[in-house]
Protein chains: 4
Amino acid sequence: MTRVGIIGASGYSGAELLRILNRHRSVTVAKAFANSSAGKRVDEVYPLFLKQTELSFETYTPDSLDGIDVVFIALPSGEAMNLVPSIIDRGKRVIDLGGDFRLKEPFLYEKFYKREHTAREYLQASTYGLPELNKNDISKAQLVANPGCYPTSAILSLAPALAHKFVAPDGIVINSLSGVSGAGRNASLEISFVEVNESVRAYKVGVHQHIPEIKAALAKLTGEEVNLTFVPHLVPINRGIYTTTCAELLARSSEDDVRAVYESYYREGPFVRVLRNGIPEIKNVIGTNYCDIVVRIDRDNNRLIVISAIDNLVKGAAGQAVQNMNIMFGFPEQEGLTF
Amino acid sequence: MTRVGIIGASGYSGAELLRILNRHRSVTVAKAFANSSAGKRVDEVYPLFLKQTELSFETYTPDSLDGIDVVFIALPSGEAMNLVPSIIDRGKRVIDLGGDFRLKEPFLYEKFYKREHTAREYLQASTYGLPELNKNDISKAQLVANPGCYPTSAILSLAPALAHKFVAPDGIVINSLSGVSGAGRNASLEISFVEVNESVRAYKVGVHQHIPEIKAALAKLTGEEVNLTFVPHLVPINRGIYTTTCAELLARSSEDDVRAVYESYYREGPFVRVLRNGIPEIKNVIGTNYCDIVVRIDRDNNRLIVISAIDNLVKGAAGQAVQNMNIMFGFPEQEGLTF
Amino acid sequence: MTRVGIIGASGYSGAELLRILNRHRSVTVAKAFANSSAGKRVDEVYPLFLKQTELSFETYTPDSLDGIDVVFIALPSGEAMNLVPSIIDRGKRVIDLGGDFRLKEPFLYEKFYKREHTAREYLQASTYGLPELNKNDISKAQLVANPGCYPTSAILSLAPALAHKFVAPDGIVINSLSGVSGAGRNASLEISFVEVNESVRAYKVGVHQHIPEIKAALAKLTGEEVNLTFVPHLVPINRGIYTTTCAELLARSSEDDVRAVYESYYREGPFVRVLRNGIPEIKNVIGTNYCDIVVRIDRDNNRLIVISAIDNLVKGAAGQAVQNMNIMFGFPEQEGLTF
Amino acid sequence: MTRVGIIGASGYSGAELLRILNRHRSVTVAKAFANSSAGKRVDEVYPLFLKQTELSFETYTPDSLDGIDVVFIALPSGEAMNLVPSIIDRGKRVIDLGGDFRLKEPFLYEKFYKREHTAREYLQASTYGLPELNKNDISKAQLVANPGCYPTSAILSLAPALAHKFVAPDGIVINSLSGVSGAGRNASLEISFVEVNESVRAYKVGVHQHIPEIKAALAKLTGEEVNLTFVPHLVPINRGIYTTTCAELLARSSEDDVRAVYESYYREGPFVRVLRNGIPEIKNVIGTNYCDIVVRIDRDNNRLIVISAIDNLVKGAAGQAVQNMNIMFGFPEQEGLTF
């Protein structure tokens, strides 16, 4: 059995990792680190794990990784960069669910994350962990930067169209709706029930830290700069990302043509479902690692509309991280991820 | 006291009309017509009206309008066109909350509403009831077509920018989120709790009947054709419309400049609040006739972003209808609408 | 105009007081005290008040009450007892929405509120502000202890039956469900959206501080000790208390008889609606000062079942406080409270 | 592989059966019958099954059961009694998720279900499928009546206390809260989003068809009649039953003593978790077959309080049905039910 350590195991993504890895047939979770909950049993902090695990949270120290084969880091952005160097030095493979190693340019990190990057030398060495785009690199990676939840839905929505030059690389508009678990597990008035329920609000308009991540991944695909407006919104649901993307069509293709391109592009990706009928709905992907996508053409306005839905904690975080681990370690890509 | 009749008083918009008119100091609701609930007391169908009204629903016949000064029609689209001619013939003033008299072109009505229009001669005679745009016409109108909920939020978001040629009239992208009451009060699997809760879905992408209404109102303002992509979404809240609009900036204006134009444009409109700080949130307009608007500029992508929030049953329906009535009858514009 | 001061105006009950008093025709809110938000405009903290009020929050000092006729205190329990003595000394009338002056016995306060009472001499002087039970005392009171939300629903459910000796005073079971605003406006993991949504939990089973309040008010009515089990639950709604009470029937009365007793008992209470048909639903009382009540008899088990619904922030807090003020100052009891 | 047929596979319980059986290692779902959806693929009606199943719904006829080993019936109560005789005649084993075979007395069925029973001769032959109470009988049964969702939570809450004579068998009060999926998948105004959201309502007070089921199961345990008041409530969540039960304590036991009895009683039941700390929360059992239970003693009122939580579609329906099948066929009891 491959031995897994999770750093930051008591947050929502950490708990989701525990839930998924618990039924993975080739790994065992050997250590669950969570400094704030150290000493407590997992099932004390998350009673849903009663009778499911005997693990307790413990304090992280680099030495406690002895015997661990792969480390998941599920900490708020800004913390992983302080830990990764010593973990890499010990020869461990690392999957970071935070934002510290997703951008190649330190200045972009500093602009959008509002802090200095303290492990710049690892930025180039990291592999962006979106399996549908770069599975081969992931298989060989030592440090995988697991994509953000919004970028996962936005990049999967646009990749086939941009890669095939179906749409213009500028003037793209991406509207995303996120469930509240995306804000993490913490005490904050802004995400208290009464403030969020029966309401909707946009936030971080034009300044969200996922913007450069989306742009960089798409630019790498197309070989040219991609310009887009991204507006994230908070909606009163626990989980899910719903992304509606509009881009100018360059060719006068039919919906069937575009769909065929998307189907072909994702033929090897077991977790992207390109819908032939209907429309993505968040409820159809909750608890799963799927990304549901539909393409529509607005002929009057000459726009391609792409709509996608994922579970932000699964395909948008823990599930995709496990998918990356499966690829890195040669396990079946879907192991632990069928529901 | 001006005497009001409501046709279709038992739906959500009808009930909201009853709630608002109940405290209006210049009118009295003389008749509440609702064929399916005829004979029942209002407080039997809506127990929230217990001790608030003695009215009962009755069956509509044209003769029962004797003594009525103004008629609100709150029926599903497609029904008002069969009633309006005889009401107008009787010399009553009419405010129709449905979609039958909003479009000037019968072919557009037939394309988007999927039925023939049976009262085409009244299309030209009707006045589009968006007070912030054409208060003067409303004051003299006999037949007012009360705007749809989505159009109210979209047109108010774009009118100042288009009227002042700040943005290009094509390539506009409008994403809207609607609460479930927008779908009306009826038995349908699609809007049952379990199907809607903890989910989001887009619907009628590119074919929603509010598209030509938005385009026509904006084209009238600018004098040229307006092209836009409109994607409505259903979100799990009872009430509210949240609209995020993106348009290409023509001038390199600052956010302050654009905001000043919006403030000036709505100076006479007591129900539009152009925010200086923060962002619209649905919870701040629920139960009110306000439309909250904020403007933002995405410099990198050269786009104006406008975000607006309304209560779909108030500013998006019953409240705006009462605002129109106030203007038509010379009552203070805010009467009955302060909360 | 009577001049009102609100201490603790930035919490949910404080904001609700502002909303209600804003349309009250006989009072003006002269001061809104909120130390944590002092210096901010009310509409900055609560954007829903934009264009509705020019008030700013200010820091409370006893001297700032000059010119104020009546003071509402909407602070967490434990704070009012430090302020009330000096306010009373200045001759002001006070309505405390917290729990500090509801119990007559300091030892009960200390047992259930887990702190010492620092103004014991005012406990006997205070009047319990449930208008349906003791309107006459309230009209003359200087210090009114506004009831808790759960006690309001529980006492109104049981008062007629116990006063008329229809039910046994022991073995009573009260199950209540509360919306999340009952927990106040604060940053806490326990009331964050994800922790509350799609779930239900009981809390403070058998130890809730409202237990002695309910028992004392009912014992005063019956002249004997009342024993009851009270289980509060948190449910994922913003507002509302739903209380289901079971008590052993002493007489073999019919439902009609019991309902007649309830109707008679509340004949003078404009805000209690004893339902003849249907069942209380929280949605029918939201935003109103009503308490909807229905009585049912479970013949097989010889139990009276009483079900009631209120809005916890209105009849359970701010609305009832205004009702008390109306009684104290001789205003019409419903002033400001019709919706 | 054991071959399974599901009759009524397109409702919420049917879909949950498909979801659970999909990962069961000893069975294969050979047929999914759903007359109203016959001819449609499962993933067309439930897009969440895309890429998960190739099954299509088909019309049920008795002959189509050839080759099937076990039949689940997930139809509304009143329909199974017309199908079961012919299925039993063919020698198939049957698990009925509806209410038709839970009561032994036809007169009770007719009183509470408001229809005549057309297969009375099978009432005595059926086995009540609550594994924690009668696993042995289930293992040999040909016809298992799967318990209702409310009875599962209520009986598991009370069984140890009544079996050990800790509490009086009368004066019991059971308050239950149910998620909306309990009302089934159908078009109905009563369960439309707007009618249910932000509200709570009790229903079928004292007349719910689960009352005789609870009483019968408990009476069988104690050997004497059990009297109880049962009040079900609808709360705005998708899934879950939360049951709070109060009963008069006969012995002056401590909480620890009572908990020890409960733990001992459920020692062999892998799906009952008797909590030592904390309180059941619906979110901790969603998607699982667990029933979480806590016991508390209200010393002042001499009452035992038992609180339990289940997922109504899993332990309250499909999960328990699979647990029964596992017992009937000698599969490991938890097969397919670990999450």
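All figures in this text were calculated on a predicted structure; none of them were measured in a lab.

**With respect to the interface of chain D and chain C**
Consideration 1: In this complex, chain D contributes 38 residues to the contact, which on the side of chain C involves 38 residues.
Consideration 2: Across the chain D-chain C interface, the total number found is 4 salt bridges.
Consideration 3: As a salt-bridge pair, K283(C) and E195(D) come within 2.4 Å of each other at their nearest N and O atoms.
Consideration 4: For the interface between chain D and chain C, the tally reads 21 residue pairs in polar contact (both at pLDDT 80 or more).
Consideration 5: Of all elements in the fold, only β8 (172-178), β9 (201-202), β10 (228-234), β11 (241-248), β13 (291-298) and β14 (303-310) of chain D reach the threshold of two or more residues within the side of chain D that touches chain C.

**Here we look at the sheet that holds strand β2 (residues 27-33) of chain B**
All names here are of chain B.
Consideration 1: The 7 strands are arranged β3-β2-β1-β4-β5-β7-β6 in an open sheet whose pairing can be described as parallel. Taken across any chain shown, the strands that pair with only one partner, and hence form the sheet edges, are β3 (57-58) and β6 (127-128).
Consideration 2: Note that strand β1 (residues 2-7) and β2 share 6 bridges and pair parallel. Considered in β2, the bridge of V4 is made with V29.
Consideration 3: The sheet contacts of helix α10 (residues 314-329) involve β1, β2, β4 (70-73), β5 (93-96) and β7 (143-145), and relative to β5 the element is tilted by about 160°.

**Describing helix α6 (residues 149-163) of chain A**
Residues and elements named next belong to chain A.
Consideration 1: Along its 15 residues, α6 runs 21 Å from first to last C-alpha, staying within 8% of the 21 Å computed at 1.5 Å per residue.
Consideration 2: For α6, a buried count of 14 out of 15 residues is recorded, marking the element as mostly surrounded by other parts of the structure.
Consideration 3: Just past α6, the residue K165 takes up positive phi, approximately 55°.

**Here we look at the relation of the copies chain A and chain C**
Consideration 1: The two copies are related by a screw motion: chain A maps onto chain C through a turn of 180° and a shift of 0.0 Å along the axis, at an RMSD of 0.0 Å. Those values place the two copies in the arrangement expected of a two-fold rotation axis.

**Things to note about the pairing of strand β4 (residues 70-73) of chain D**
Residue and element names in this part refer to chain D.
Consideration 1: Burial of β4 is two-sided: the residues V70 and F72 facing one way and the residues V71 and I73 facing the other way are all buried.
Consideration 2: Of the strand pairs in this sheet, strand β1 (residues 2-7) and β4 are connected by 4 bridges, and their pairing is parallel. When the sheet's bridge partners are listed, V4 is paired in β4 with V70.
Consideration 3: Sheet analysis places β4 next to strand β5 (residues 93-96), joined by 4 bridges and oriented parallel. Considered in β5, the bridge of I73 is made with D96.
Consideration 4: A crossover links β4 with its parallel partner β5, the connecting element being helix α3 (residues 80-89), and its sense is right-handed.

**Observations concerning the sheet that holds strand β14 (residues 303-310) of chain B**
Consider a sheet: its strands pair through backbone hydrogen bonds, and that pairing is either parallel or antiparallel.
All names here are of chain B.
Consideration 1: The strand order β9-β10-β8-β11-β14-β13-β12 describes an open sheet built from 7 strands, whose pairing is mixed. A strand with exactly one partner marks an edge of an open sheet, and here the two such strands are β9 (201-202) and β12 (272-274).
Consideration 2: Sheet analysis places β9 next to strand β10 (residues 228-234), joined by 2 bridges and oriented antiparallel. When the bridges of β10 are listed, A202 appears paired with H233.
Consideration 3: The strands touched by helix α6 (residues 149-163) within the sheet are β8 (172-178), β10, β11 (241-248), β12, β13 (291-298) and β14, with β11 carrying the most contacts at an inclination of about 35°.

**Regarding the packing of α6(B) against helix α8 (residues 210-222) of chain B**
Residues and elements named next belong to chain B.
Consideration 1: Two elements in contact, α6 and α8, have axes whose closest approach is 9 Å; the angle formed by their N-to-C orientations is 25°. Relative to α8, α6 is oriented roughly parallel. Where α6 crosses over α8, the handedness of that crossing is right-handed. Listed contacts from α8 to C149, Y150, P151, A154, I155, L158, A159, L162 and A163 of α6 are H210, E213, I214, A217, L218, L221 and T222.
Consideration 2: Broken down by class, the residue content of the contact of α6 with α8 amounts to 13 nonpolar, 2 polar and 1 charged.

**Some points on the state of the cysteines**
Consideration 1: Applying the stated criterion across every chain, the model contains 0 disulfides over all chains.
Consideration 2: Among the cysteines around C149(A), which has no disulfide bond, C291(A) carries the closest sulfur, lying 12 Å off.

**Some details on helix α5 (residues 131-140) of chain A**
Residue and element names in this part refer to chain A.
Consideration 1: Where α5 is concerned, the buried positions are P131, E132, N134 and I138. In an axial view of α5, the angular spread of the buried residues amounts to 140°, which keeps them on one side of the axis. Opposite its buried face, α5 presents the exposed residues N136 and K140, each directed more than 90 degrees away.

**Let's talk about the interface of chain A and chain C**
Consideration 1: Each partner contributes to the interface: chain A provides 19 residues, whereas chain C provides 19 residues.
Consideration 2: A combined buried area of about 1600 Å² lies between chain A and chain C, and 62% of that area is made up of carbon and sulfur atoms.
Consideration 3: Per-residue buried area on chain A facing chain C is highest for F193(A), V194(A) and N238(A); these three make up 40% of the total on that side.
Consideration 4: One can count 2 salt bridges joining chain A with chain C.

**Details of the confidence of the model for chain A**
Consideration 1: For chain A, the mean per-residue pLDDT works out to 97, and 100% of the residues sit at or above 70.
Consideration 2: Across the predicted assembly, pTM comes out at 0.97 and ipTM at 0.97.

**Brief notes about the packing of aromatic side chains**
Consideration 1: What the rule picks out here adds up to 30 aromatic pairs over all chains.
Consideration 2: Between the aromatic rings of F329(D) and F331(D), the centroid separation amounts to 5.9 Å while the plane-to-plane angle is 15°, which identifies the pairing as stacked.
Consideration 3: In this structure F331(D) comes out as buried when scored by relative accessible area, which is 15%.
Consideration 4: Taking NZ or CZ as reference, R273(B) lies 3.8 Å from the ring centre of Y290(B), over its face.

**Notes on the relation of the copies chain D and chain C**
Consideration 1: At an RMSD of 0.0 Å, chain D and chain C line up after a rotation of 180° and a shift of 0.0 Å along the axis.
Consideration 2: When the interface residues of chain D are mapped onto chain C, 100% of them again lie at the interface, so the same face is used by both copies.

**A look at a negative patch on the surface**
Consideration 1: On the surface, a cluster of negative charge is contributed by D170(A), E225(A), E248(A) and D300(B).
Consideration 2: Within the fold, E225(A) resides in the loop between α8 (210-222) and β10 (228-234).

Calculation criteria
- Residues numbered from 1 in each chain as written.
- Chains lettered and ligands numbered in written order.
- Predicted model: local features only at pLDDT ≥ 70, side-chain atom pairs only at ≥ 80, totals over all residues.
- Heavy atoms only, no water.
- Contact = heavy atoms within 4.5 Å.
- Salt bridge = Lys/Arg side-chain N within 4 Å of Asp/Glu carboxyl O.
- Polar contact = N/O pair within 3.5 Å; in protein donor to acceptor, adjacent residues only side chain to side chain.
- Helix = DSSP H or I, 4+ residues; strand = E, 2+ residues; numbered from the N terminus.
- Pairing = 2+ DSSP bridges.
- Axes fitted to C-alpha atoms, helices over the stretch in contact; angles between N-to-C directions.
- Expected span 1.5 Å × (residues − 1).
- Buried < 20%, exposed > 50% of the residue type's maximum accessible area, 1.4 Å probe, protein only.
- Least-squares fit on C-alpha atoms with pLDDT ≥ 70 in both.
- Right-handed = clockwise from strand over helix to strand, strands pointing away.
- Parallel < 35°, antiparallel > 145°, perpendicular 65-115°, else oblique.
- Left-handed = near helix turned anticlockwise from the far one by under 90°.
- Nonpolar A, V, L, I, M, F, W, Y, C, P; charged D, E, K, R; others polar.
- Disulfide = S-S within 2.5 Å.
- Arc of directions from axis to C-beta.
- Buried area = accessible area lost by both parts, 1.4 Å probe.
- pLDDT = per-residue confidence, 0-100.
- Phe/Tyr/Trp six-rings, centres within 6.5 Å; stacked < 30°, edge-to-face > 60°.
- Lys NZ or Arg CZ within 6 Å of the ring centre and 35° of its normal.
- Patch = residues over 30% accessible without salt bridge, like charges linked within 9 Å, V, L, I, M, F, W, Y side chains within 5 Å.
- Areas by Shrake-Rupley, 256 points an atom, 1.4 Å probe, with all protein chains shown as cover.
- Lys, Arg positive; Asp, Glu negative; His and termini not counted.
- Charge placed at Lys NZ, Arg CZ, Asp CG, Glu CD.

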